[in-house]
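Spelled out, the chains give:
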Amino acid sequence: MTDDRSSYLIHARDVRYRYGEGDISQYVLKGADLSVRSGEFVILAGPSGSGKSTFLSLIGALRKGQEGYIEVASHDLLNCHEHEMRDIRRKIGFVFQQHNLLNFLTASQNVEMVLEMFNGRFDEQHRKEKAREVLEKVGLGKQVDYYPRQLSVGQKQRVAIARSLVHQPKIILADEPTASLDGKTGVQVVEMLHHMVKTQGCGALVVTHDNRIFDYADRILHIEDGVIMAG
Ligand SMILES: Nc1ncnc2c1ncn2[C@@H]1O[C@H](COP(=O)(O)OP(=O)(O)OP(=O)(O)O)[C@@H](O)[C@H]1O
Ligand SMILES: [Mg+2]
């Protein structure tokens, strides 16, 4: 495997992060290293409280880093301006553990909203078409106009996946995407993400405890007490 730095989508070195200030602050990441290349599906597993979500939120530019080095899609996250963070988020599809759909918007509108935020040049008709296209891909072509309350838990999570993919991100970050799903639906969701990685040349970092997903991974990394180890 080449060690050409330019092939990394994610390159994190010696990442340290602490919550709180002064005497009560505590490091939850204690020198975490991790890299993901284009076309790779990487799993990060580890016990509750080991720092998985914290790490993912740093990589996803949802939280500003404190110490170490984090490069995502060629941006240096610790040394970039706030307005650059927005450009970085545009290159990322984030799937949260809870689907976080807006209940007063339909499945289609939940997906369109991302395009409105990130691809301002698309007009409404174009956004609707794109949303339908990606909802069809996740098997929800018949439910585009349904509200979240009319969808099952698995369907809601699939809308969330559609929402994370609609702007064609280079990087997919997923925090326990199958936690609320039954076995069969969970596998479908992961197959979808895996397919995206292998056909679109993006990279995925998926946090999970779910060992049914492990077979899909190119690499499985373990995090314990804020330190990442190769599996
Ligand atoms: N906002 C916060 N303020 C203070 N401490 C926090 C905060 N968020 C998380 N922590 C602490 O940081 C540690 C790591 O939390 P994190 O959510 O990253 O773990 P996790 O590996 O994702 O766990 P889980 O598997 O339960 O989701 C935990 O001890 C948690 O209590
Ligand atoms: Mg977590």
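Higher on the page you've got the structure.
The model shown is predicted, which means the values in this text are computed figures rather than measured ones.

Here we take up the site of ligand 1. Around ligand 1, the neighbouring residues are Tyr19, Val28, Pro47, Ser48, Gly49, Ser50, Gly51, Lys52, Ser53, Thr54, Glu176 and His209. Backbone polar atom of glycine 49 to an oxygen atom of ligand 1: 2.8 Å apart, as the coordinates give it. At 2.9 Å, a side-chain N or O of serine 53 approaches an oxygen atom of ligand 1. Relative to its unbound accessible surface of 640 Å², ligand 1 loses 56% to contact with the protein.

Bringing helix α3 (residues 107–118) into the picture now. Over its 12 residues, α3 extends 18 Å from the first C-alpha to the last, a length consistent with the 16 Å expected when each residue adds 1.5 Å. Of the residues making up α3, those classed as buried are Ala107, Ser108, Asn110, Val111, Glu112, Val114, Leu115 and Phe118. The secondary structure elements touched by the buried residues of α3 are α2 (82–90), α4 (124–137) and α5 (153–165).

Here the phi dihedral of alanine 61 falls at roughly 60 degrees; this positive angle occurs in a residue that is not glycine. Take alanine 61: its relative accessible area is 0%, and that puts it in the buried class. We note that glutamine 168 has phi near 50 degrees; this positive angle belongs to a residue other than glycine. Structurally, glutamine 168 is set in the loop between α5 and β7 (171–175).

The topology assignment puts serine 57 in helix α1 (residues 52–59). Side chain to side chain, serine 57 and arginine 63 meet in a polar contact 2.9 Å long. Once residues lying within four places of it in the same chain are set aside, the contact partners of serine 57 are Leu62 and Arg63.

Now for the pattern of salt bridges. Within this structure, the stated rule accounts for 10 salt bridges. Between lysine 130 and glutamate 133 there is a salt bridge, with the nearest N and O atoms lying 3.9 Å from each other. You can see lysine 130 and its partner glutamate 133 sitting in helix α4, 3 residues apart, about one turn around the helix. We note a salt bridge from aspartate 210 to arginine 212, for which the minimum N-O separation is 2.6 Å. Of the residues examined, arginine 212 reaches a relative accessible area of 39% and is grouped as partly exposed.

Before going further, it helps to examine the nonpolar core. Counting 39 residues, the largest nonpolar core has Phe41, Val111, Leu135, Val159, Ile161 and Ile172 as the members making the most contacts within it. The greatest single-element share of this core, amounting to 6 residues, is contributed by helix α6 (residues 183–200). Residue contacts for phenylalanine 41: discarding those within four places in its chain leaves Val190, Leu193, His194, Val197, Ala204, Val206, Ile213, Tyr216, Ala217, Asp218 and Arg219. Membership of the second largest hydrophobic core comes to 33 residues, among which are Leu34, Phe55, Leu58 and Ala73.

The next subject is the packing of α3 against α5. For any two helices packed against each other, one specifies the inter-axial angle together with the distance between the axes. The N-to-C vectors of α3 and α5 enclose an angle of 25 degrees; their axes lie 8 Å apart at closest approach. Taken together, the axes of α3 and α5 are roughly parallel relative to one another. Of the two possible hands of crossing, α3 and α5 adopt the one that is right-handed. Seen from α3, the contacting residues are Ala107, Asn110, Val111 and Val114; seen from α5, they are Val159, Ala162 and Arg163.

With that settled, the discussion passes to the environment of aspartate 175. When you line up the elements, aspartate 175 lands in strand β7. When the C-alpha atoms of aspartate 175 and leucine 56 are compared, they prove to be 7.4 Å apart, with 119 residues separating the residues in sequence. Discounting chain neighbours no more than four positions away, the residues touching aspartate 175 are Ser53, Leu56, Val95, Phe96, Gln97 and Val207. Here serine 53 takes part through its side chain, which lies 2.6 Å from a polar atom of the side chain of aspartate 175.

In this section: the sheet that holds strand β5 (residues 75–76). The antiparallel open sheet is built from 4 strands, whose spatial order is β2-β1-β4-β5. Pairing within the sheet leaves two strands with one partner each, and these edge strands are β2 (26–37) and β5. As judged from the 2 bridges shared by strand β4 (residues 67–72) and β5, these two strands associate in the antiparallel manner. From the neighbouring strand, glutamate 71 faces β5, where its bridge partner is aspartate 76. Taken strand by strand, α1 contacts β1 (8–19), β2 and β4, and its axis lies near 125 degrees from that of β1.

Each value, and the rule that gives it
Here the residue numbers are simple positions, counted from 1 along each chain's written sequence. Note on labels: chains are lettered from A, ligands numbered from 1, in written order. Thresholds applied to this predicted model are a pLDDT of at least 70 for local features of residues and 80 or more for the giving and counting of side-chain atom pairs; totals over whole chains, interfaces and linings are not thresholded and use all residues. Water and hydrogen atoms were dropped before computing side-chain values, which therefore reflect all heavy atoms in the structure. For this purpose, a residue is taken to be near a molecule or strand whenever a single non-hydrogen atom of the residue falls within 4 Å of it. The definition of a polar contact used here is a pair of N or O atoms within 3.5 Å, where within protein one atom must be able to donate a hydrogen and the other to accept one, and adjacent residues in sequence count solely through side-chain atom pairs. Accessible areas in this description were obtained via Shrake-Rupley with a 1.4 Å probe; residue shielding takes into account the shown protein chains only. Working definition: helices are DSSP H or I runs of at least four residues, strands are E runs of at least two. Numbering for both runs from the N terminus. In this analysis, the expected span of each helix is defined as 1.5 Å times one less than the number of residues it contains. Residue burial is assigned from relative accessible area. The probe radius is 1.4 Å, only protein chains are included, and a residue is buried under 20% of its type maximum, exposed over 50%, and partly exposed in between. Contacts between residues were defined by any pair of non-hydrogen atoms, one from each residue, lying within 4.5 Å. Salt bridges are defined by distance alone: a side-chain nitrogen of Lys or Arg within 4 Å of a carboxyl oxygen of Asp or Glu. Among buried residues, the Ala, Val, Leu, Ile, Met, Phe, Trp, Tyr and Cys ones that are joined through side-chain atoms within 4.5 Å form a nonpolar core. With axes taken as lines fitted to C-alpha atoms, and helix axes fitted only over the stretch in contact, angles between N-to-C directions fall between 0 and 180 degrees. Our angle categories are set so that under 35 degrees counts as roughly parallel, over 145 as roughly antiparallel, 65 to 115 as roughly perpendicular, and the remainder as oblique. Crossing handedness follows the turn of the near helix against the far one: under a right angle anticlockwise gives a left-handed crossing, and clockwise gives a right-handed one. Should DSSP find at least two bridges between two strands, the strands are taken to pair.

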